Each structure stands twice: as structure tokens, then as C-alpha cells.
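# An overview of the molecular structure
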Amino acid sequence: MTATTPFLPDTRDETTDAWLTRRNGTLCAEAVPLSAVAQAVGTPFYAYSAAALRANYAALAAAVAPHRVTVCFAVKASSNRNVLAEFAALGCGMDIVSGGEMTRALAAGTPPSRIIFSGVGKTRGEIRAALRVGLHQINVESAAELEVVAAAARELGLRAPVALRVNPDVDALTHAKITTARKDSKFGIAAAEVPALYAEAAARPELEMVGLAVHIGSQILDLAPFRQAWAAMAGLVRVLRAAGLPVARLDLGGGLGIGDDSHPGPDLAEYARIIGETVGGLDLALNVEPGRWLCGRAGVLVSEVLYLKPGEGADFAIIDAAMNDLMRPALYEARHPVMPLHPPRDGAARAYRLVGPICESSDDFGSYPGLGPLAAGDLLAFRHAGAYGAAMSSTYNSRDLIPEVLVDGAQFRLIRARAGIDAALRLEEPGPWSHAG
Ligand SMILES: *Cc1c(COP(=O)(O)O)cnc(C)c1O
């Protein structure tokens, strides 16, 4: 396989795991044995497939293109600038939720005209910076935020391109902690309040009201909630237009889920069809902002087994990755498929409970039958770890942020080095005392 070999996903999602294969029994990322990466950078580490990132973008962009939909990558899912650069080079836009993410998106080569600023709590400073840079659009989530955007635009003598993020009161039928559009959610503006606010905003010279935005949640496998939400948005667009208000754009949000061995992922063609059926006929510039779908299956977390110890029901395998490296199981009860790097072994097939070294009972990745007999020193790959893995990691228990590696064909390179505890200690050098009053 060469650097240019595309891994073509079909519309069913498990196929983009095709970058992970066994060669002579050993698990490889594209043409690179993951054990070689482990040797080079130490465990635990994240590895991403550049070919899979590119193939995912190509598949999604192609599926939605007939409906005039552009794709913006939700930076928070995987914010390494090198991952962003892979997408930016293909013309992908970015959906950001902080000033830090704006800096990353720009550093990765994304033009400001392809960046959308989402998020419920943008600071004044972040809003000013976004306006100065000239981002494509600011998705405003409250009347109070709209005031701050307007004030910043006046101060800077600019017009702010604004969309209102709507809360359509739709249950995304996903985990409660990643549901964002029910009535009681902190996100968006209640649909009933949108027409008045939009009209008021459209009358202000410092605001350019460009349209509406919606984002109903994450890891959505059943497409029905998308249909419900987008149909509600179409209704709202018609209401606004009937009142003589201009609506040129509609941001359809992210949230497209990825399947696993037990659940096929959503069908891209069906996803695109629902876009066409709900909002396709409204002459809108549309965009989607997927994070997970573009990068989740393109990454693995590789960890070494430190110790085995007998346990009730399943034996414990204590590994060197922990909840600070991959938080999703502790936070969302997420379960990542796991593959050993070594060839399948004969022997009693028992279940192992994979747990990390952190002093929290929730530092537990779950119970895994079918890994075969394990031994200390074995390496395991947690699949589907390319989204909300490294991006969510912390240094809890004074553990280092772990390396990230990008694989491309037969080569790989470090794209984030270990910071090291010394760097952390340097930030904790005490400053001089200040005297108050
Ligand atoms: C998190 C988020 C996304 C991306 O969600 P995924 O489930 O990763 O696709 C898109 N838009 C907004 C506003 C978000 O907060």
C-alpha cells in the first residue's frame, strides 16, 4: 500500500476500519505495524490514518454535494493541527467552539471564510477576535450573546454575519450527556422566540442576519431525529421569509454517529436523502458540521497490558492507558472495540475487564470477551478512538498527555510529543505575591 492508496468506504460505516489490517498476524495501521509505532514513541499513544481521514471526508462530501451542502469539521472532536490540516487541504471548513480552536483552524490553513463559530458561551474577547479575523458565520445562542456580538461589531466598525442557533425541542435518541436539543437543554434559542429575535436583529445595521443553525446531539444512529429537527427548521425558514426576512443559510449541525461490530452505522445516502427531503427545496446554502463521523473510526488508542489479576466474573487486565487518555467510557458509558496487536492465540477464551491505573472506579473500559489469553506486555488497540479521545484528555493523576501519531501509507510521524512533567512543573513556578488593598 502506498501513501496515495485510498480506502474507499461504502456508505456503511464499518468499512473505513479497512485501514486496520493484520499482516502476518500483526495489526497494522495502513502499512505500518502498530508495534513499530509503540517501539518508537512508547505506550500509550494515539495513531490516526491519514488515508481514512481523507476517505471519510471524500465520502461524506460526495454524499451531500448534490444538495449544495458544504462540510465543516467540528474541531473539538480531534483538534490536533495536523489532523485539521488533512481536512483543510481537501477544502473542508471548520466548526469551532472557542478562540483556541479558531487559532488551530487558521494554523491548519483553513481560510476564515470557511470557519463557523458555534458554542453557548463565547467570551467578548473571542467574539471580537472572530469578527476581526472575518469568520464566515457566528452561530448565536441567546439574546444576550446577540447584544455582545452587536456591541463588538459596532466597536470594530464591522458587520457581524450571524445565524441563530435554534433549539427545536427534539430528542436525538442518544446518550443523555450528548443530547443537546431538548427543551431543557442549555443550547440554542427556543424555536418560538426565534422569529421576533431574528426580526429585531435584522433591523440592526451592525448585524448581517444570514440564517439559522441547529445541532441536536452526538453519536446519533437513528436518523429519524434529524428528519424531525430539519423539518422544523424548514418550517421556521418559511415563517421568517413570510415575514420578509432574508434567510440565506442553514447550518444542519453535526451528530452523525458511527456504528460498531454490533450496530451498523447510519447510511450516508439516507442521511443525504433526508437533507434533500426536508430542506433541499428552499434555495439555502447548507452546511453540516460532523466531528465524530469524519475522524472517530480513523484512530486507535494503543496501550500495553501491565498486570493481570484475578477478579469476579472477569479477570482484570490493568493497562497503561486510563480515563484521562480516553474519557468516553467513564463519561458516556461508551464502549470501544478492542483488538490485540499480536496474532490470535490458542487457549482458554476468558473475558478481561480492561482497567487503567487511575484511582477512580470509573477508570474502567469495560469487560471484553474474545481477546484470547493475554499476558503482561501485550499491546491492545482501542478502535474508534479518533474522536473525543486525545481532544478530551487531561493530565489527571499527573499523567502526561500521550503522543499522537499520524500514519500515511508506509510512513508515520509524531504529531504531538509528550509534554513531560517538567513542562508542567515549570508552569507551576510560583509568581510574586500581589497585595490587594
Ligand atoms: C459537538 C458539535 C458538533 C460535532 O458533533 P459530532 O457528534 O462529533 O458530529 C457539531 N456542531 C456543534 C455545534 C457541536 O457542539
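The residue numbering used here restarts from 1 in each chain and proceeds along that chain's sequence as written. Given that the model is predicted, a residue must reach a pLDDT of at least 70 before its local features are reported, and side-chain atom pairs must reach 80 or more before they are shown or counted; all residues, however, enter totals for whole chains, interfaces and linings. Think of the side-chain values as coming from all heavy atoms in the structure, minus any hydrogens and water.

By convention here, two paired aromatic rings are described through the distance between centres and the angle between planes. By convention, a stacked pair of Phe, Tyr or Trp rings (six-membered ring in the case of Trp) has centres within 6.5 Å and planes under 30 degrees apart, an edge-to-face pair has planes over 60 apart, and any other such pair is tilted. Tallied over the full model, the rule gives 6 aromatic pairs. Taking 5.6 Å as the distance between ring centres and 70° as the angle between the ring planes, the aromatic pair formed by Trp230 and Tyr271 counts as edge-to-face. Placement of the pair is Trp230 in helix 8 (residues 224–242) and Tyr271 in helix 9 (residues 268–279), with a sequence separation of 41 residues. In this structure Trp230 comes out as buried when scored by relative accessible area, which is 1%. Through pairs of rings, three or more aromatic residues link up here, namely Phe226, Trp230 and Tyr271. To sit over a ring, a charge needs its Lys NZ or Arg CZ within 6 Å of the ring centre and within 35 degrees of the ring normal. Positioned above the aromatic ring of Phe117, the side-chain terminus of Lys122 is 5.5 Å from the ring centre. In this structure, Arg297 packs its charged tip against the face of Trp293, placed 4.6 Å from the ring centre. Numbering goes from the N terminus for both helices and strands, where a helix is a DSSP run of H or I of at least four residues and a strand is a run of E of at least two. For every residue, the accessible area obtained with a 1.4 Å probe (protein chains only) is divided by the maximum for its type, and the residue is called buried under 20%, exposed over 50%, and partly exposed between those limits.

A few words on the pattern of salt bridges. By definition here, a salt bridge exists when the distance from a side-chain nitrogen of Lys or Arg to a carboxyl oxygen of Asp or Glu is within 4 Å. Throughout the structure, instances matching the rule amount to 16 salt bridges. Glu147 serves as the salt-bridge partner of Arg204, at 2.6 Å between the closest nitrogen and oxygen. Taken as a pair, Arg204 in the loop between helix 7 (194–202) and strand 11 (207–213) and Glu147 in helix 6 (residues 143–156) lie far apart in primary sequence, 57 residues in all. Overall, Arg204 belongs to the buried group, its relative accessible area being 19%. Close ionic contact of Glu206 with Arg154 constitutes a salt bridge, the shortest N to O distance being 2.6 Å.

The subject of this paragraph is the UniProt feature "binding site: substrate" (unreviewed entry) in the protein chain. UniProt positions are given in the numbering used here, feature names are shortened, and annotations may be inferred rather than shown by experiment. Following the UniProt record, one finds the feature "binding site: substrate" (unreviewed entry) at Arg292, Arg328, Tyr332, Glu360 and Tyr388. With the annotated positions falling across 97 residues, the maximum pairwise C-alpha distance of 26.6 Å shows that they are not confined to a single cluster. Turning to its location among the elements, Arg292 is positioned in helix 10 (residues 292–295). Any two residues whose heavy atoms approach within 4.5 Å at even a single point are treated as in contact. Excluding residues within four positions of it along the chain, Arg292 makes contact with Ala77, Ile178, Ser218, Gln219, Leu256, Ile258, Arg328, Ala387 and Tyr388. Whenever two N or O atoms come within 3.5 Å, that pair is a polar contact, provided that in protein one can donate a hydrogen and the other can accept it, and provided that, for residues adjacent in sequence, both atoms are side-chain atoms. Within the structure, Arg292 has its side chain in polar contact with the side chain of Ser218 (distance 2.8 Å). Following the sequence through the fold, Arg328 ends up in helix 11 (residues 328–332). Judged by its relative accessible area of 9%, Arg328 is buried.

Moving on, we come to the site of the ligand. Definition of nearness: a residue and a molecule or strand are near each other if at least one heavy atom of the residue lies within 4 Å of the molecule or strand. The ligand sits among 15 residues. The nearest are Lys76, Ser218, Gly255, Glu289 and Tyr388. A distance of 2.8 Å is found between an oxygen atom of the ligand and a backbone nitrogen or oxygen belonging to Arg292. Residue-level accessible areas treat just the shown protein chains as cover; the underlying method is Shrake-Rupley with a 1.4 Å probe. Across the complex, the protein chains shield 94% of the 390 Å² of accessible surface that the ligand would expose by itself. A breakdown of the residues in the shell around the ligand according to their chemical character gives 3 nonpolar, 7 polar and 5 charged. Residues are grouped as follows: Ala, Val, Leu, Ile, Met, Phe, Trp, Tyr, Cys and Pro are nonpolar; Asp, Glu, Lys and Arg are charged; every other residue, Gly included, is polar.

Turning our attention to the sheet that holds strand 1 (residues 20–23). Strand pairing within a sheet occurs via backbone hydrogen bonds; the two strands may be parallel or antiparallel. Strand order across the open sheet formed by 3 strands is 1-2-3, with antiparallel pairing between neighbours. Because the sheet does not close on itself, it has two edges, and the strands there are strand 1 and strand 3 (32–33). Relative to strand 2 (residues 26–29), strand 1 runs antiparallel, the two being bridged by 4 bridges. If you follow Thr21 over to strand 2, its bridge partner there is Cys28. In this scheme, strands are said to pair when DSSP sees at least two bridges between them.

Feature annotation in UniProt places "binding site: pyridoxal 5'-phosphate" (unreviewed entry) on Gly255, Glu289, Pro290, Gly291, Arg292 and Tyr388, given in this structure's numbering. Mapped onto the fold, Glu289 is located in the loop between strand 13 (285–288) and helix 10. Dropping the residues within four chain positions of it, Glu289 is found in contact with Cys72, Ala74, Asp95, Ile116, Ser118, Asn139, His215, Asp251, Gly253 and Gly254. Setting aside anything within four residues of it in sequence, one finds Pro290 in contact with Leu60, Val71, Cys72, Phe73, Ala74, Gly253 and Gly254.

Pairs of packed helices are described in terms of their axes, by the angle between the two and the distance that separates them. Close contact between helix 4 (residues 99–107) and helix 5 (residues 124–133) brings their axes to 9 Å; oriented N to C, the two are set at 25°. Judged by the inter-axis angle, helix 4 sits roughly parallel to helix 5. Contact residues: Gly99, Met102 and Leu106 in helix 4; Glu126, Ala129, Ala130 and Val133 in helix 5. Convention adopted: a line fitted to C-alpha atoms gives each axis, helices being fitted over their contacting stretch, and angles between N-to-C directions are expressed from 0 to 180 degrees. Roughly parallel refers to an angle under 35 degrees, roughly antiparallel to one over 145, roughly perpendicular to one between 65 and 115, and oblique to any angle outside these ranges.

Let's shift gears to the pairing of strand 5 (residues 69–74). Most of strand 5 is tucked away: 5 of the 6 residues are buried. Here strand 5 runs beside strand 13; their pairing, made up of 3 bridges, is parallel. Along strand 13, the bridge assignment pairs Val69 with Leu286. Pairing between strand 5 and strand 6 (residues 93–96): 3 bridges, direction parallel. Paired with Ala74 across the two strands is Asp95, which belongs to strand 6.

The N-to-C vectors of helix 7 and helix 8 enclose an angle of 45°; their axes lie 10 Å apart at closest approach. For the element pair helix 7 / helix 8, the angle class is oblique. You can see that helix 7 and helix 8 cross each other, and the crossing is right-handed. For the pair helix 7 and helix 8, the contacting residues are Val194, Pro195 and Tyr198 in the first and Leu236, Val239 and Leu240 in the second. Across the contact of helix 7 with helix 8, the residue classes break down as 6 nonpolar, no polar and no charged. In this scheme, a crossing is called left-handed if the near helix is turned counterclockwise away from the far one by less than a right angle; it is called right-handed if the turn is clockwise.

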